Amino acid sequence: MMGIEELVNEIAALQRADLEAWIAETLVSPEEEAGAPVFPEMECARVRLICTLRYDLEIEAETLPVVLSLMDQLYDTRARLNSLTAAVAAQDESVREAILKAMGRE
Amino acid sequence: MKDPYETLGVARTASDAEIKSAFKKLARKFHPDLHPDDKEAEARFKDISAAHDLLKDPEKRRRFDAGEIDASGAERPQQRYYREYADGPGYTSHAAQDGFASNEDLEEFLARAFGGMGAGMGGGGSRRQSSATFKARGQDVSYTLPVTFLEAATGAKRTITLPDGKTLQVTIPEGAEDRQMLRLKGQGMPGFGGGPAGDAYVELHLAPHAFFQRKDDNIHVEVPVTLKEAVLGGRIEVPTITGPVTMTVPKGSNTGTTLRLRDKGVRNRKTGVAGHQIVTLKVVLPEGDEPELAAFLESWKPKHPDDPRKEMLS
C-alpha cells in the first residue's frame, strides 16, 4: 500500500495534480484508509503505466481514458480467455478434442 | 548494459527530438503492459527506458559522451508491470460496462454448463465491479502409492513424483491400512479464475511383509527357537516393527506357545493406544547331524510318556 505522497516521490515524472485528476476520473481506483486514498500494488503498477502513457508516450489527457478503456477491455477478455482455457484444459481428453474440432470448423 | 545509442537505434549525434521519437516508437512496440504475451518485452523495455533515462537528460548524456559515467548508472530497479496483476488471479476489472459489449453471455453459458459454479457474475453499472471472471475449483486427481508393511506400520514421509514432474509430499500416518485414502488438500489441478485448486487423493497399497502379519493393531510373528531354548528357556532377540528387542522364552516352551510383547504393535489411529506383538514360537531341530543328541534320546526314558496323536486315532 502506498499513499499519494509516496507515489509522487517514487515516480519522478508524476505530478500530484495529474494523479488527483486520474482518481477523480476513476482511471485509477485507490482504496481508502483513514480518509486518505491508498494504492495497493496493482494500482501502483497501473499508475506507473499511466505515467508512461501520459508522459513518455505523450498521450493527450483527453485521449488517455480511451486508451485505458481499450486496454482494460483487453485484460478483461484475456482473463475470461484464461479461465476458459483452464476450464477446457481440465476436461477429459474426449471433451478437449471435441472442442478443438468444433473450433476448427468455424 | 548495452550502449544506449545502440539500444534506441539512434546516432551519437541524434537530436533530443530524434531520441524522444525513437524511444516512443520502441516503447509502443515493447512496453510489457501493451504486449502482455511477449515474454521478452520486459527485458527489452527495461533496456529501452534505461537508455532513454540517460540520453534525455542533457547533463547525463554529456557525461556519458565524455566517458565520465557508464551506462550502468542508469539501470532501473526491477519493477512489476500492470500486466502481471491484470493477468493474475486477483484481477479486478477496471473496464466500464456502459457502452461496451461484454462477454457476459459466454460466462452465463459456462456457469450453466458447469452446474452453477460460476459465482460472482458482474452486476454491471459500476465501473469497479466485483470480480467478473468465471471461477471454479480445480479438478481432484487420484493416485495409488505402494507402501511397505513397515512404512504403514510406523508411519513415513514419502515424496512422489507425478507424471508432469511435480512432486508431492505424502505423510503416511502411523498404522496406515491397505486401501486407505489420503486427501492432500489443494494438491489437485489448479483452479481457474482464482478458484481454489482441487485435492489429490492418494490410495495406499500395502505390500505384505516376509514375516510380520497385522491383525487389527496387533503384529503377529512366528519366531523359531532351538530345541535347547525351548526346553531350557532363555533370552532371545526377536524383531519388532521398531527394531529388535530381547524377550524371555520360558522353560518348557513348545511350538505354538504364544508370548506377548506389550505395546510393540501398531498405534491405533483413533485411540492412540498401541497394540501388542504376539510371538508364536516354533521349535526347530538342529540342522545337520547331532550324534550326541541322538544317543541321548536313545537312552532317554520320558517321565510323562504320552502319545501326541492319541486324539487323532481314537
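Our subject in this report is the structure included herewith.

### Some thoughts on the overall build of chain B
Looking only at helices and strands, chain B features 10 helices and 11 strands. Looking at chain B as a whole, 34% of its 314 residues are labelled buried. Put simply, 53% of the contacts in chain B that link residues at least 6 apart link residues at least 24 apart. A total of about 19200 Å² of accessible surface is found on chain B, and carbon and sulfur atoms cover 52% of it.

### Brief notes about the interface of chain B and chain A
Between chain B and chain A, the residue contacts involve 41 residues of the former and 33 residues of the latter. Taking both partners together, chain B and chain A bury about 3500 Å²; carbon and sulfur atoms supply 58% of that area. Counting across the interface, chain B meets chain A through 5 salt bridges. At the junction of chain B and chain A, the tally comes to 8 residue pairs in polar contact (both at pLDDT 80 or more). Mapped by element, the contributors of at least two residues to the side of chain B that touches chain A are α2 (16–30), α3 (41–55), α5 (82–86) and α6 (104–113) of chain B. With 5 residues, α2(B) is the single largest residue contributor to the side of chain B that touches chain A. A class-by-class count of the residues in the side of chain B that touches chain A yields 19 nonpolar, 10 polar and 12 charged.

### Considering the sheet that holds strand β1 (residues 2–3) of chain A
Residues and elements named next belong to chain A. With antiparallel pairing, 3 strands are arranged side by side in an open sheet as β1-β3-β2. A single partner strand is all that each edge strand has here, and the edge strands are β1 and β2 (31–33). For β2 and strand β3 (residues 36–39), the ladder comprises 3 bridges, and the chain directions are antiparallel. Looking across to β3, one finds that E31 is bridged to V38.

### Let's talk about helix α5 (residues 93–104) of chain A
With 12 residues, α5(A) extends 16 Å between its outermost C-alpha atoms, agreeing within 8% with the 16 Å of an ideal straight helix rising 1.5 Å per residue. Taken across its 12 residues, α5(A) has 0 buried, putting it largely on the surface.

### Comments concerning the packing of helix α2 (residues 16–24) of chain A against helix α3 (residues 41–56) of chain A
Residue and element names in this part refer to chain A. Packing of α2 against α3 brings their axes to within 12 Å, and their N-to-C directions diverge by 115°. With respect to their mutual orientation, α2 and α3 come out roughly perpendicular. The two elements α2 and α3 cross, and the hand of that crossing is right-handed. Seen from α2, the contacting residues are D18, L19 and W22; seen from α3, they are V47, I50, C51, R54 and Y55. The class makeup of the residues in the contact of α2 with α3 is 6 nonpolar, no polar and 2 charged.

### What about the layout of surface pockets?
All names here are of chain B. In this structure, the second largest pocket encloses a volume near 410 Å³. Every residue lining the second largest pocket is counted, 16 residues in all, and those nearest its centre are L227, V231, L285, L293 and L297. Residue assignment for the lining of the second largest pocket shows that the elements contributing at least two residues are α8 (227–232) and α9 (291–299). Examining the composition of the lining of the second largest pocket, we find that 5 residues originate from one element, α8, more than from any other. Considering only residue class, the lining of the second largest pocket consists of 11 nonpolar, 3 polar and 2 charged.

### Considering helix α4 (residues 64–89) of chain A
The end-to-end C-alpha distance of α4(A), which contains 26 residues, comes to 37 Å, matching closely the 38 Å that a straight helix rising 1.5 Å per residue would cover. For α4(A), the full list of buried residues reads L64(A), L68(A), S69(A), M71(A), D72(A), Y75(A), D76(A), R78(A), A79(A), R80(A), S83(A) and A87(A).

### Description of the packing of aromatic side chains
Tallying each qualifying case throughout the model produces 8 aromatic pairs over all chains. Geometrically, the ring pair formed by Y75(A) and Y82(B) is edge-to-face, given 5.8 Å between the ring centres and 90° between the ring planes. Within this pair, whereas Y75(A) is found in helix α4, its partner Y82(B) is found in helix α5, the two belonging to separate chains. In this structure, Y75(A) and Y82(B) share a single accessibility class: buried. Ring pairs connect the aromatic residues F23(B), F45(B) and Y81(B), which therefore count as one cluster. For the cation-ring pair, R44(B) lies above F30(B), with the distance from its terminal atom to the ring centre recorded as 4.1 Å.

### Some remarks on the side chain of D33(B)
Note on placement: D33(B) falls in the loop between α2 and α3. The buried charged residue D33(B) lacks any salt bridge, with R83(B) as its nearest oppositely charged partner at 5.2 Å. Polar side-chain contacts of D33(B) include one of 3.0 Å to the backbone nitrogen of Y82(B). Apart from the residues lying within four places of it in its own chain, the contact partners of D33(B) are L49(A), M71(A), Y75(A), Y81(B), Y82(B) and R83(B).

### Notes on the environment of Q139(B)
Considering the arrangement of structural elements, one finds Q139(B) in the loop between α6 and β1 (141–147). It is 6.2 Å that separates the C-alpha atoms of Q139(B) and G188(B), two residues lying 49 residues apart in sequence. When neighbours within four sequence positions are excluded, Q139(B) is seen to be in contact with A90(A), G188(B), M189(B), G198(B) and D199(B).

### Remarks on the pattern of salt bridges
Within this structure, the stated rule accounts for 23 salt bridges over all chains. Ionic pairing is found between E58(A) and K20(B), a salt bridge with its closest N-O pair at 2.9 Å. Of this pair, E58(A) sits in the loop between α3 and α4 while K20(B) is found in helix α2, placing the two residues in two different chains. Between R158(B) and E151(B) there is a salt bridge, with the nearest N and O atoms lying 3.0 Å from each other. Overall, the relative accessible area of 22% leaves R158(B) in the partly exposed class. Residue classification places E151(B) among the buried positions, given a relative accessible area of 18%.

Conventions adopted
Residues numbered from 1 in each chain as written. Chains lettered and ligands numbered in written order. Predicted model: local features only at pLDDT ≥ 70, side-chain atom pairs only at ≥ 80, totals over all residues. Heavy atoms only, no water. Helix = DSSP H or I, 4+ residues; strand = E, 2+ residues; numbered from the N terminus. Buried < 20%, exposed > 50% of the residue type's maximum accessible area, 1.4 Å probe, protein only. Contact = heavy atoms within 4.5 Å. Areas by Shrake-Rupley, 256 points an atom, 1.4 Å probe, with all protein chains shown as cover. Buried area = accessible area lost by both parts, 1.4 Å probe. Salt bridge = Lys/Arg side-chain N within 4 Å of Asp/Glu carboxyl O. Polar contact = N/O pair within 3.5 Å; in protein donor to acceptor, adjacent residues only side chain to side chain. Nonpolar A, V, L, I, M, F, W, Y, C, P; charged D, E, K, R; others polar. Pairing = 2+ DSSP bridges. Expected span 1.5 Å × (residues − 1). Axes fitted to C-alpha atoms, helices over the stretch in contact; angles between N-to-C directions. Parallel < 35°, antiparallel > 145°, perpendicular 65-115°, else oblique. Left-handed = near helix turned anticlockwise from the far one by under 90°. 1 Å grid on protein atoms, 1.4 Å probe; cavity = no way out; pocket = protein on both sides within 12 Å on 5 of 7 lines; lining within 4 Å. Points joined across faces, edges and corners; volume = space filled by probe spheres on them. Phe/Tyr/Trp six-rings, centres within 6.5 Å; stacked < 30°, edge-to-face > 60°. Lys NZ or Arg CZ within 6 Å of the ring centre and 35° of its normal. Lys, Arg positive; Asp, Glu negative; His and termini not counted.

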